[in-house]
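Close look at the chain arrangement
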Amino acid sequence: MEYKDYYKILGVSRKADQKEIKRAYRKLARQYHPDVNPGNQAAQERFKEINEAYEVLSDPDKRAKYDHLGADWKRYQQAGGPGGFDWSQYAGGPRGGARAEYGDFGDFSDFFESIFGGVGGPSTRSTRTRTVPQRGRDLEHPVDVTLREAYSGTNRQLTMNGEVFEVTIPPGVKIGSKVRYSGRGQPGIAGGPTGDLYLIVNVLEDPMFERKGDDLFVEVPVDLYTAVLGGEVRVPTLAGDVMLQVPPGTTGGRRFRLRGKGMPQLKNPSEYGDLYAVAQIEVPRDLSEQERKLFEQLRTIRR
């Protein structure tokens, strides 16, 4: 039977604390979640392995038992597994309490069962599921949206626990926003309530707009003549173009504030941030002979 290095599976050191272990688990679980990799058997197996590693390392008793076993693994093998190995030197069995947040998607490995399920009767997991009602695990699911979708809100179809359903992403979401769906997590144990689903939002970068909080910034080209003499320029917004009055003598980099043309506020979607139009002065190229003479005249006058 193959020894499983749970620390290596999660990519953490043996001295890692619980925060490091949880952070590593969440990162890997999101990457290899079956819903993110539909039909990818290798990703599903990796996901099971990650859950198993977290099951052990997130529980102090299981982790201590596993760490003690590490040094005696060869002796454990030679003894023929749990039946021939003296476990009395180790502290009591695991307390249970599987902490994986994304679902097991299958049984744990023989290695896990030989340590935690083959000593002193049935595994703590199976004993717990028969006797103690527990709330199902909360699940997290990553969702990518464009900036324009974040502005107006959008819908996605998800497949969780074999069920296809539609979720709504509200207007104003930011990177890291969590959208909670009650009762869409893992089923409860022994009659316990179902857990919740949390959508973890990632807002993709936009080629035109830069976002800072609820405010947006956009570069607006202003031709030289309008910059000098003043006039109107067209400014794009996520709700459609608007016209902006540019005063005479506008310089490059000047910001114009358009109130209420930014992003909707997540907690109050009727309120909006602002849009800042940043003037980018366009200098004419390929001047005609007449244009060149006129600019030379202007230069002479300005001197």
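In what follows, the structure referred to is the one given above.
Residues numbered from 1 in each chain as written. Predicted model: local features only at pLDDT ≥ 70, side-chain atom pairs only at ≥ 80, totals over all residues. Heavy atoms only, no water.

Side note on the side chain of D206
- Following the sequence through the fold, D206 ends up in the loop between strand 5 (197–203) and strand 6 (210–212).
- Although D206 lies buried, it forms no salt bridge, and the closest oppositely charged side chain, R148, sits 4.1 Å away as judged by the N-O distance.
- Side-chain polar atoms of D206 contact the backbone nitrogen of M208, separated by 2.8 Å.
- There is a polar contact of 2.9 Å between the side chain of D206 and the backbone nitrogen of F209.
- Residue contacts for D206: discarding those within four places in its chain leaves L147 and R148. (Helix = DSSP H or I, 4+ residues; strand = E, 2+ residues; numbered from the N terminus. Buried < 20%, exposed > 50% of the residue type's maximum accessible area, 1.4 Å probe, protein only. Lys, Arg positive; Asp, Glu negative; His and termini not counted. Salt bridge = Lys/Arg side-chain N within 4 Å of Asp/Glu carboxyl O. Polar contact = N/O pair within 3.5 Å; in protein donor to acceptor, adjacent residues only side chain to side chain. Contact = heavy atoms within 4.5 Å.)

Points about the nonpolar core
- Within the largest apolar cluster, 35 residues are counted, with the highest numbers of intra-cluster contacts made by V145, L199, V235, L244 and L258.
- Ignoring anything within four residues of it in the chain, the contact list for V235 reads V218, V220, G240, D241, V242, L244, L258, L275 and A277.
- Core analysis: the second largest hydrophobic core is formed by 21 residues, L10, A16, Y25 and F112 among them. (Core = buried A, V, L, I, M, F, W, Y, C linked by side-chain atoms within 4.5 Å.)

Considering the sheet that holds strand 10 (residues 255–258)
- The mixed open sheet is built from four strands, whose spatial order is 6-7-11-10. Two strands in the sheet have a free side with no partner beyond their single neighbour: strand 6 and strand 10. This sheet shows a mean twist of 30° between the axes of neighbouring strands, independent of strand direction.
- Of the pairings in the sheet, the one linking strand 6 to strand 7 (residues 215–223) comprises three bridges and is antiparallel in character. Residue pairing across strands places E210 opposite F217, the latter belonging to strand 7. (Pairing = 2+ DSSP bridges. Axes fitted to C-alpha atoms, helices over the stretch in contact; angles between N-to-C directions.)

Side note on a nonpolar patch on the surface
- Together, Y225, V228 and L229 give the surface a local cluster of nonpolar side chains, amounting to about 320 Å² of exposed area.
- With respect to the helices and strands, Y225 occurs in helix 9 (residues 224–229).
- With a relative accessible area of 41%, Y225 lands in the partly exposed category. (Patch = residues over 30% accessible without salt bridge, like charges linked within 9 Å, V, L, I, M, F, W, Y side chains within 5 Å. Areas by Shrake-Rupley, 256 points an atom, 1.4 Å probe, with all protein chains shown as cover.)

Some words on the packing of aromatic side chains
- Going through the model one piece at a time under the given rule, you end up with five aromatic pairs.
- A ring pair is formed by Y6 and Y66, whose centres lie 4.8 Å apart and whose planes are at 40°; its orientation type is tilted. Residue Y6 is located in helix 1 (residues 6–10), and its partner Y66 is located in helix 4 (residues 60–71); the two are separated by 60 residues in the primary sequence.
- We classify Y6 as buried; its relative accessible area is 0%.
- The class for Y66 is buried, based on a relative accessible area of 0%.
- Judged by centre distance (5.0 Å) and plane angle (15°), the ring pair of F217 and Y276 falls under stacked. Residue F217 is found in strand 7, and its partner Y276 is found in strand 11 (residues 275–282); the two are separated by 59 residues along the sequence.
- Classification of F217 by relative accessible area gives buried; the value is 13%.
- In this structure Y276 comes out as buried when scored by relative accessible area, which is 18%.
- Three or more aromatic residues joined by ring pairs form one cluster here, namely Y6, Y7 and Y66.
- Just above the ring of Y32 sits the side chain of R46; from NZ or CZ to the centre is 5.2 Å.
- The side chain of K212 reaches across the aromatic face of F217, ending 5.0 Å from its centre. (Phe/Tyr/Trp six-rings, centres within 6.5 Å; stacked < 30°, edge-to-face > 60°. Lys NZ or Arg CZ within 6 Å of the ring centre and 35° of its normal.)

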